[in-house]
Amino acid sequence: ATSTAVERVFSQGRQPAPSTLHSKPLVSVIDRAFLCLGSWLRCDLVAPEDLAGITKSLKKRKHEDESVG
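In this text the structure is predicted, and so the values were computed from the model without any measurement.

Analysis parameters
Residues numbered from 1 in each chain as written. Predicted model: local features only at pLDDT ≥ 70, side-chain atom pairs only at ≥ 80, totals over all residues. Heavy atoms only, no water. Helix = DSSP H or I, 4+ residues; strand = E, 2+ residues; numbered from the N terminus. Areas by Shrake-Rupley, 256 points an atom, 1.4 Å probe, with all protein chains shown as cover. 1 Å grid on protein atoms, 1.4 Å probe; cavity = no way out; pocket = protein on both sides within 12 Å on 5 of 7 lines; lining within 4 Å. Points joined across faces, edges and corners; volume = space filled by probe spheres on them. Nonpolar A, V, L, I, M, F, W, Y, C, P; charged D, E, K, R; others polar. Expected span 1.5 Å × (residues − 1). Buried < 20%, exposed > 50% of the residue type's maximum accessible area, 1.4 Å probe, protein only. Polar contact = N/O pair within 3.5 Å; in protein donor to acceptor, adjacent residues only side chain to side chain.

Draft legend 1. Structural view of the overall build of the chain. Secondary structure assignment for the chain yields four helices and zero strands. Listing the helices and strands of the chain from first to last along the sequence gives α-α-α-α. Accessible surface, the chain as shown: approximately 6,000 Å² in total, 60% of it carbon and sulfur.

Dropping the structure here:
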């Protein structure tokens, strides 16, 4: 993505967050990550199939870590 595309994502990503997020004293990193990811998906900067591949890789890694420990 070009810097212009990235700037556009972040400017479009300033949509109002649900009130449940504002009621928390500190929004978690995971909540923020999902908000960003949603913006990237809406702007076609991340393909859903890429996200599925990443999710599968993370689940596999977690399973391997659990079997080692």
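Following the structure, the description resumes.
Draft legend 2. The arrangement of the layout of surface pockets in detail. Here the second largest pocket is characterised by a volume of approximately 200 Å³. Together, Ile30, Ala33, Phe34, Leu37, Leu51, Ile54, Thr55 and Leu58 line the second largest pocket. Only α3 (29-42) and α4 (48-68) provide two or more residues apiece to the lining of the second largest pocket. Within the lining of the second largest pocket, the residues separate by chemical class into seven nonpolar, one polar and no charged.

Draft legend 3. Structural context of α4. Spanning 21 residues, α4 covers 31 Å between terminal C-alpha atoms, matching the ideal 30 Å at 1.5 Å per step. Buried residues are scarce in α4, accounting for zero of its 21 residues.

Draft legend 4. Molecular detail of unusual backbone geometry. The residue Asp44 is not glycine, and still its phi comes out positive at about 60 degrees. Position of Asp44 among the secondary structure elements: in the loop between α3 and α4.

Draft legend 5. Structural view of α3. If you check α3, its first and last C-alpha atoms are 20 Å apart, about what 14 residues at 1.5 Å a residue would give, namely 20 Å. Near the N-terminus of α3, the side chain that reaches the backbone nitrogen of Asp31, with its oxygen 3.1 Å away, is that of Ser28. Note on α3: the residue one or two positions beyond its end, Asp44, has a positive phi of about 60 degrees.

Read these as layout, nothing more, since geometry by itself doesn't imply function.
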